[in-house]
Amino acid sequence: MSSGLTFGTIKRVGAILLAIAIVLAAGIVIFQAPAIFGVEEDPQASITFEDQQGDGESVTVDEVSLSEGGFVVVTGSDGETLAVSDYLEAGSHENVTIERNEDAQAELVGQLTATIHRDTNNDEKFGYDDSDGEEDPPYLEDGYPVSDTATVTGDTSDALDDSFTVESLSAPESATTNETIEITAEIANPTDLGSQQSVELRLDGDVLKQQTLELGAGESGEVSFEIETAGLAPGNRTIGVYTDGHGALDEIDLTFHTTPGIEIVNGSDDSITAAVATPEEGFVAVEDGNGTVVGTSEEIGPGEHNNVTVEFDENATVEDDEELTAFVATGDPSEPENATPVEYEGERIETTFTLADVPDGSDGGNESDADSDE
């Protein structure tokens, strides 16, 4: 073999090896691209929040795992933020105790939801509520917040020595949202002294009613509460009866008493009046054929409302023969673009109409009465 042939072969082999090295290096760069260019995988989290007994002032989350730092936020059945954990570093945490916020309107009892939030501005301070959701949003899994729900009952182990005790609780298993229901409880005085104490009735942790009961030493007595269900949101609700240091829970399934819907009572070139039946708190919005919201009502609660007025925006031009849609939505009436339409059996609660087809309300015969329930 000539020296020229040997040198040429060596050059070709070297070129091949160089090409392989370049390909391998490129593969490494591509594989590491997310880290090199600052692109990270979606943050992940998980949480376990078991049923427990508590004192109304704190709860314990069994386990929480965060790929980034963040917080655990505890909310009541109405969505109110009741407690926020201290800042949690990335990783796994067990038995996380969370204290009730000083300004919380309800105690940490009933059905509670614990949701994991991120710390998007890295200040280790929870800012989701104060920023209207712009900062520190929840961790998501399949598009939904990572959360877990638990039922928290009164802590009998820490009951006051002189407290009455709730021996039993009786409530209907189900009811509709237009009736009166009765809840009864057997209360005992286990002490050696007669006394007079307060007994509270709570729904999802919120105090609805209370009454004073007087019992002698070792005596028992029955208390009875009546609740008007009109205006309550349907769903599985938690009922609790509490003394100073003791309590008992039961559940009731509330069903909306009628078919949700909207009927346009009258209309004019600047507003419409509607009769509304809605199972959720929200408002009525009217949109034109292009899907643009041209007006919203004030907020209304669950139930039936005879006269809900929707005033059209000053800049909106609504023709008599233009097809409009009125629908129920949840959210802020001043920000209808961020609202969510309320659905019943998979369909929006809505009606279509034209101003030409509804009675003329320009004479002002109907006043707005968003709080009028039947």
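Basis of the calculations
Residues numbered from 1 in each chain as written. Predicted model: local features only at pLDDT ≥ 70, side-chain atom pairs only at ≥ 80, totals over all residues. Heavy atoms only, no water. 1 Å grid on protein atoms, 1.4 Å probe; cavity = no way out; pocket = protein on both sides within 12 Å on 5 of 7 lines; lining within 4 Å. Points joined across faces, edges and corners; volume = space filled by probe spheres on them. Nonpolar A, V, L, I, M, F, W, Y, C, P; charged D, E, K, R; others polar. Buried < 20%, exposed > 50% of the residue type's maximum accessible area, 1.4 Å probe, protein only. Helix = DSSP H or I, 4+ residues; strand = E, 2+ residues; numbered from the N terminus. Pairing = 2+ DSSP bridges. Core = buried A, V, L, I, M, F, W, Y, C linked by side-chain atoms within 4.5 Å. Contact = heavy atoms within 4.5 Å. Phe/Tyr/Trp six-rings, centres within 6.5 Å; stacked < 30°, edge-to-face > 60°. Lys NZ or Arg CZ within 6 Å of the ring centre and 35° of its normal.

- As annotated in an unreviewed UniProt entry, the chain carries the name DUF4179 domain-containing protein and comes from Haloterrigena salifodinae.

## Here's the deal with empty space enclosed by the protein
Now for step 1: For the structure shown, the criterion picks out two cavities of 30 Å³ or more.
Now for step 2: What the largest cavity holds in volume is close to 60 Å³.
Now for step 3: Considering the residues around the largest cavity, the lining is formed by Gly76, Ser77, Asp78, Glu80, Leu82, Ala106, Glu107, Val109, Leu112, Asp204, Gly205 and Asp206.
Now for step 4: Split into classes, the residues belonging to the lining of the largest cavity amount to four nonpolar, three polar and five charged.

## Description of the pairing of strand 23 (residues 303-312)
Now for step 1: Summarising burial for strand 23: eight of the ten residues are buried, a large majority.
Now for step 2: The sheet contact formed by strand 20 (residues 271-278) and strand 23 spans seven bridges and is antiparallel. Bridged to alanine 277 within strand 23 is glutamate 304.
Now for step 3: Here strand 22 (residues 293-296) runs beside strand 23; their pairing, made up of two bridges, is antiparallel. Note that in strand 23 the partner of glycine 295 across the bridge is phenylalanine 312.
Now for step 4: Where strand 22 hands over to strand 23, the hairpin turn is made up of six residues, counted between the paired strands.

## Thoughts on the nonpolar core
Now for step 1: Core analysis: the largest hydrophobic core is formed by 24 residues, its most contacted members being Val61 and Val64.
Now for step 2: Sorting the residues of this core by element identifies strand 1 (45-48), strand 3 (58-66), strand 4 (70-75), strand 5 (81-84), strand 6 (91-99), strand 7 (110-118) and strand 10 (147-154) as the ones contributing at least two each.
Now for step 3: Among the elements that make up this core, the one with the highest residue count is strand 3 (four residues).
Now for step 4: Setting aside chain neighbours within four positions, we find valine 64 in contact with Ser46, Ile47, Val72, Leu88, Gly91, Ser92, His93, Val96 and Ile116.
Now for step 5: In this structure, Ala171, Ala185, Val199 and Leu254 belong to the second largest nonpolar core, which totals 23 residues.

## Side note on the side chain of aspartate 204
Now for step 1: Within the secondary structure layout, aspartate 204 lies in the loop between strand 14 (195-203) and strand 15 (206-215).
Now for step 2: Not counting chain neighbours up to four residues away, the residues in contact with aspartate 204 comprise Ser77, Val109, Arg237 and Thr238.

## Concerning the packing of aromatic side chains
Geometrically, a pair of aromatic rings is defined through the distance of the ring centres and the angle of the planes.
Now for step 1: All told, the structure shown has three aromatic pairs when counted by the stated rule.
Now for step 2: Ring centres 5.8 Å apart and planes at 70° place the aromatic pair phenylalanine 71 and tyrosine 87 in the edge-to-face group. Residue phenylalanine 71 is found in strand 4, and its partner tyrosine 87 is found in the loop between strand 5 and strand 6; the two are separated by 16 residues along the sequence.
Now for step 3: The exposure class of phenylalanine 71 is buried, given its relative accessible area of 2%.
Now for step 4: Residue class for tyrosine 87 comes out partly exposed when judged on its relative accessible area of 24%.
Now for step 5: These aromatic residues form a ring-pair network of at least three members: Phe71, Tyr87, Phe126 and Tyr128.
Now for step 6: In this structure, arginine 202 is placed above the aromatic ring of tyrosine 242, and the distance from its NZ or CZ to the ring centre is 4.0 Å.
Now for step 7: A cation over an aromatic ring shows up here: arginine 348 above the ring of phenylalanine 327, its NZ or CZ 4.4 Å from the ring centre.

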